[in-house]
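A look at the structure
Spelled out, the chains give:
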Amino acid sequence: LERDVIEQARNGALTPKAGPSRLFAACDAYLTAKRATANRERTVAFDEERLAIVKDRLGDILLSTITRETIEGFQAKRKLDRISNRTVNMDVGALRKVLKRYGHWRRLQDHVTMLSETEGPPIGRALTPEEQKRLLETAASNPEWEHVYCAAVLAANTSMRGVEVRHVRRKDVNLETVWDVESATGKGVLYVGHSKNETSKRKIPLNGAARDAIARMLKRSDELGHMDPEHYLWCASQHHHYDPTKPAKRWDAAWGALRDAAGLPGFRFHDLRHTVVTDLLEAGEPEHVIQAVTGQLSKKMLEHYSHQRLKAKGQMLERMEVRRKKGTA
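The structure presented is a predicted model; accordingly, all values stated were derived computationally and were not measured. (Residues numbered from 1 in each chain as written. Predicted model: local features only at pLDDT ≥ 70, side-chain atom pairs only at ≥ 80, totals over all residues. Heavy atoms only, no water.)

Overview of the overall build of the protein chain
Counted only if it meets this: Secondary structure elements are taken from DSSP: a helix is a run of H or I of four residues or more, a strand is a run of E of two residues or more, and numbering for both begins at the N terminus. Only protein chains enter the area calculation, which uses a 1.4 Å probe; residues under 20% of their type maximum are buried, those over 50% are exposed, and those in between are partly exposed. Note on contacts: a residue pair qualifies if any of its non-hydrogen atoms lie within 4.5 Å across the two residues. Computed with a 1.4 Å probe, the accessible areas rest on the Shrake-Rupley method; for each residue, only the protein chains presented here act as cover.
Counting its secondary structure elements, the protein chain contains 13 helices and five strands. Here the protein chain, with 329 residues, has 40% of them falling under the buried criterion. Considering only intrachain contacts with a sequence separation of at least 6, the fraction spanning at least 24 residues in the protein chain is 65%. In the structure as shown, the protein chain presents an accessible area of about 18,700 Å², 52% of it carried by carbon and sulfur atoms.

What follows is the structure, given as structure tokens:
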């Protein structure tokens, strides 16, 4: 019997643990169990976000039918969407936890290869001022894109991540708070309570454009009757049925249509954050002040932005050289 069990294990044919047989139910059961034991809400939310993408791409398939080819196909599709290797690995890592919990990972663990994360500089790009203008003008042209338009304006003026925008509640916004006390101008403050890797709220003063975007979403929320302080401004919706008690999970379809209409194929919502940080660094703003607004930036990202800033400085000095040569001609 022992020899038979060993042989089954080698062939990946051991009977899986009792539990859900399909992906959706397995993901839900895994998250329920994790909520009961996790010390931080963010750890659960992280796996929930990753598994939502896995479910969307793979569908409600049987766990027993997930093969190496299934995972490699998932990796390839994510790469075609210009998703970084690190993010794809996080997606596969979340799926691995589910499969491992229900005894399906053993047969795959020696065959699935994670993507290399030493892939050079981050894939993020920064928009030029003309591209920013074109993107926002295109977004404003279609009423169906109002929520994405306001989200893009907010991100482009605060460097907020997409997940941070989607988790903004009414209680997180105060449009009456004056942050420029000396001149009694500058109204509007937003508290970022749900972030990728921070445990405390980040306080961001709103400029005029960001304030207007929040005001539009508040008006939209009022019209929908979402008046509770706990209600999300960018709330979950399905077929125009809104649930203000839950944040929007994603806006992939609207964002994809918008960026294509603006002539910016492949441009990610997260690249708005890259645009803000690049603009601030090129303007010579102090890094510690930028980090206070943007939140934590990895060493790799700071090096990437520093490289971009170095390029801008080099171009500036070259223009100076050209002007000097013209002056002595």
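Some words on the pairing of strand S2 (residues 185–192)
To keep things clear, this is the line we draw: Each pair of strands is called paired provided DSSP finds at least two bridges between the two strands.
Of the strand pairs in this sheet, strand S1 (residues 173–180) and S2 are connected by four bridges, and their pairing is antiparallel. Of the residues in S2, the one forming a bridge with valine 173 is leucine 190.

Thoughts on the layout of surface pockets
Let me state the cut-off plainly: A cavity here means a set of 1 Å grid points, computed over protein atoms only, where a 1.4 Å probe fits but cannot escape. A pocket is an open set with protein on both sides within 12 Å along at least 5 of 7 lines, and lining residues have an atom within 4 Å of a point. Grid points are joined across faces, edges and corners, and a volume is the space filled by probe spheres set on the points. Here the nonpolar group is Ala, Val, Leu, Ile, Met, Phe, Trp, Tyr, Cys and Pro; Asp, Glu, Lys and Arg are the charged ones; every other residue, Gly included, is treated as polar.
Estimates place the volume of the second largest pocket at around 330 Å³. Residue lining of the second largest pocket: 16 residues in total, with Asn157, Asn207, Val276, Leu280 and Val293 positioned closest to the centre. Looking at side-chain class alone, the lining of the second largest pocket contains 10 nonpolar, four polar and two charged residues.

Quick look at the packing of aromatic side chains
Heads up, the rule is: Note on aromatic pairs: the rings of Phe, Tyr and Trp (six-membered ring only in Trp) are paired at centre separations within 6.5 Å, and the planes decide the class, stacked below 30 degrees, edge-to-face beyond 60, tilted for the rest.
Summed over the entire model, instances satisfying the criterion amount to three aromatic pairs. A centroid spacing of 6.2 Å and a plane angle of 40° characterise the contact between tryptophan 255 and phenylalanine 267, whose relative ring orientation is tilted. Of the two residues, tryptophan 255 sits in helix H10 (residues 252–261) while phenylalanine 267 sits in the loop between H10 and helix H11 (271–282), which places them 12 residues apart along the sequence. For tryptophan 255, a relative accessible area of 5% translates into the label buried. Classification of phenylalanine 267 as buried rests on a relative accessible area of 0%. A centroid spacing of 5.2 Å and a plane angle of 75° characterise the contact between tryptophan 255 and phenylalanine 269, whose relative ring orientation is edge-to-face.

Comments concerning the pattern of salt bridges
What counts here: Put simply, a salt bridge is a Lys or Arg side-chain nitrogen that is within 4 Å of an Asp or Glu carboxyl oxygen.
If you walk through the whole model with that rule in mind, you get 20 salt bridges. Among the ionic pairs, arginine 216 bridges to glutamate 146, the shortest N-O distance being 3.4 Å. Highlighted residues: arginine 216 in helix H9 (residues 208–224) and glutamate 146 in helix H7 (residues 146–158), separated in sequence by 70 residues. The partly exposed category is assigned to arginine 216, whose relative accessible area is 36%. Classification of glutamate 146 by relative accessible area gives partly exposed; the value is 24%. Linked by salt bridges that have partners in common, Lys34, Asp47 and Lys97 make up one network.

A few points about the nonpolar core
Worth spelling out the cut-off: As used here, the term nonpolar core means buried Ala, Val, Leu, Ile, Met, Phe, Trp, Tyr and Cys residues forming a set that is joined through side-chain atoms within 4.5 Å.
Of all hydrophobic cores here, the largest spans 37 residues; its most connected members are Leu135, Leu154, Leu190, Ile214, Trp234, Trp255 and Leu272. Of the residues forming this core, the biggest block, eight residues, is contributed by H7. Look past the residues within four positions of leucine 135 in its chain and what remains in contact with it is Leu127, Trp255, Leu258, Ala262, Leu264, Phe267 and Leu272. Membership of the second largest hydrophobic core comes to 24 residues, among which are Leu31, Ile83, Leu95 and Val112.

As for the sheet that holds S2
Two modes of strand pairing occur in sheets, parallel and antiparallel, and in both the strands are linked by backbone hydrogen bonds. Applicable threshold: Under this scheme, a helix contributes an axis fitted over its contacting stretch, all axes are lines through C-alpha atoms, and angles between N-to-C directions fall in the 0 to 180 degree range.
An order of S1-S2-S3 is seen for the three strands of this open sheet, with the pairing classed as antiparallel. Among the strands making up the open sheet, the edge pair consists of S1 and strand S3 (202–205). Each adjacent strand pair in this sheet contributes to an overall mean axis angle of 40°, direction not counted. Against the sheet, H9 makes contact with S1 and S2, and its axis sits at roughly 160° relative to S1, the strand it touches most.

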